[in-house]
Each structure stands twice: as structure tokens, then as C-alpha cells.
Amino acid sequence: MEETEVLEGFLTHLLIDLRLSDNTIKSYAFDLQSFLTFLTERNLSVKAVVKSDLQQYLAVLYDRGLATATVSRHLSTLRAFYDYLVMEGNIQASPCELIESPKLNRHLPTVLSLAEVTRLLDSLTAGSCIECRNQAMIELLYASGMRVSELLALNVADLYLEMGFIRCLGKGGKERIVPIGEIAIEALDAYLKGSRQQFLKANSRHDALFLNRLGGRLSRQGFWKILKQQAQVAGIKKALSPHQLRHAFATHLIENGADLRIVQELLGHADISTTQIYTHMSRSHLQKVIEEAHPRAKKG
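Now for a description of the structure that goes with this document.

Conventions we followed
Residues numbered from 1 in each chain as written. Predicted model: local features only at pLDDT ≥ 70, side-chain atom pairs only at ≥ 80, totals over all residues. Heavy atoms only, no water. Pairing = 2+ DSSP bridges. Helix = DSSP H or I, 4+ residues; strand = E, 2+ residues; numbered from the N terminus. Disulfide = S-S within 2.5 Å. Expected span 1.5 Å × (residues − 1). Buried < 20%, exposed > 50% of the residue type's maximum accessible area, 1.4 Å probe, protein only. Arc of directions from axis to C-beta. Contact = heavy atoms within 4.5 Å.

**Some points on the pairing of strand E2 (residues 165–169)**
Where strand E1 (residues 159–160) meets E2, 2 bridges bridge the pair, whose relative direction is antiparallel. From the neighbouring strand, Leu-159 faces E2, where its bridge partner is Ile-166. As consecutive antiparallel partners, E1 and E2 are separated by 4 residues, and within that stretch Gly-164 has a phi angle of approximately 80°, a positive value. In the sheet, E2 pairs with strand E3 (residues 175–179) via 5 bridges, with the strands oriented antiparallel. Directly across from Leu-169, in E3, lies its bridge partner Glu-175. Between E2 and E3, which pair antiparallel and follow one another directly, the connecting turn spans 5 residues, one of which, Gly-172, has a positive phi of 70°.

Given below as C-alpha cells:
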């Protein structure tokens, strides 16, 4: 069994059977070529690899200065590769089964406090059609916890304001229904009934909810600029990104007792482990409250 033939068979499997993207397949190929070079240097064949060989390979990756996340990616590639060999009957069991994935150091994102979000939202005004649109966008982003890409992909038909929810298409085209509060509904209603019509040109029939000055769908870059300007108006010193409002949405819900599974559904996370980062953030908040408020939290 030639290593190159096995590699080509695996990559064909990724393309034809799993229908992965070209970039993903290139990533697999890059990782596997690195592994095959390691085996060649040690006169090892793919079929003869055992747990200790894999451990040595991971050690080599660390010695190269690769980040833990990158080493974890290489191991994931090897798991998929050896699972394929088992499926094809080339080997009886995967040597990766007894290898634990490297533990990733998850950095907690910077989150706006409730006071900072309130200051941001209170700084919004609806005097002009642009201000009305901006108010509707930012209120909705915090009210729903959507990704900015999901927000800007909304069409007018995705709103069900009388029933208090919106229809959102998340990653992989997965649909979810997200309830929103009265303040966001009022801001959207005001935008739809007045300002949005002013963005539409005489011959425009755009379905997009949030429009730019030319009557087309507002871009991510355009929204980032709007949010940055509004943060300056509100006097927020932190570097503010749209994703931080999503973090704030989730963290503030959990701090106020929301169930983790509900937050997972609202955010559109496929795996609850992704949502669990917000419980860590909530614990950090609680610890800070104890340290600042409890009379015996500190000595002296």
C-alpha cells in the first residue's frame, strides 16, 4: 500500500463522499504531508503507526513552535485519516483512539457591562433616517444575539413583529426563530414605516431589511463603521465590535438566570460546549461581585 496512493484515496473521499470545500481539503493535505514526511524520516509506514509514534509526532509539532490549536487541528486530521483507513479495511483499529486532544486555553472575550450597553443604546437617537436605521440595527443586534452576518442578511419578510420574533438563517443555512423585546420591535417598526422608504431609490425593489445610502444591502464594513462611531458618541473606551454585542447578549442572559440550553438555541450553537464559555464569564462576574461587595472577601 503506497502512502501517496492512500493519501490520494483519502482526499478523493473528502471531495466526493464528504463534499468538503477545496480550502478544507488543502488543509487536510497540508497536515498529512507533514505527517508523511515525519514517517519517511523514521522509516515508518502508515499502517505500522502506533500510539507512541503519534505522541512523538505531536511533540515534534510543539518543538516547531506551533500553537496548541494548530497541533489540535493536526490531530483531528489524523483522526479522520485513520478512521478512513479503518473504514476501507486497510487497518483494524485507529492508533488515534487512545490519544487525547490537547487542551486549548480558551480566552474569554471582552464583554461590555450592562451599564456600557445601556449607555450605548441610550446614545442612539432617531432624528434622521440614518439615525433611525442605526438605532434599529444596534437595538436588534443586542436584543437577538445574532451574528452581524445574520443581521445584515435579514430581509423584510423575516420579520414577524406582531408576534415578537424574527426568522434568522445561521451557519450552514440553519434556520432559527429568535424572539425580541418591545424596545427593538418599536425601533424596527419606526424604521420600516418611515426611514427605510427613504433609502429605497425610485426604481429599487430591494428585499434587504437594512439598506445603505444607495438603496442596496448594508455591508459588514459599513456596519462596523457605524458601531465604532456610535461607541465614540457613547463615550465607550473599549474597542467595540459587533460580536461583542452578541457576547453581551449571552452573558447578560446567563447572569440573570437564563437556562444554558435556551441561550444555546438563541445563539444558534450546534454544540452546547460552545455556549458554556458564557458560564465561565458569568462566574468571573460573580467572583468580582463577591470580591467587591462581601465584607470578608479580602483581608485587611
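**Concerning the state of the cysteines**
Evaluation of the coordinates by the stated rule reveals 0 disulfides. Take Cys-129: it sits in no disulfide, and the sulfur closest to it among the cysteines is that of Cys-132, at 8.2 Å.

**Describing helix H3 (residues 51–63)**
In a regular helix each residue adds 1.5 Å, so 13 residues correspond to 18 Å; H3 covers 19 Å between its end C-alpha atoms and thus fits that length. Those residues of H3 that fall on the buried side of the exposure criterion are Asp-53, Leu-54, Tyr-57, Leu-58 and Leu-61. Along the axis of H3, the buried residues cluster in a sector spanning 135°; they form a single face. Lining the buried residues of H3 we find helix H2 (22–41) and helix H4 (68–87). Where H3 terminates, the next one or two residues include Gly-65, which has phi positive at roughly 90°.

Interpretation in functional terms is not warranted from these geometric data alone.
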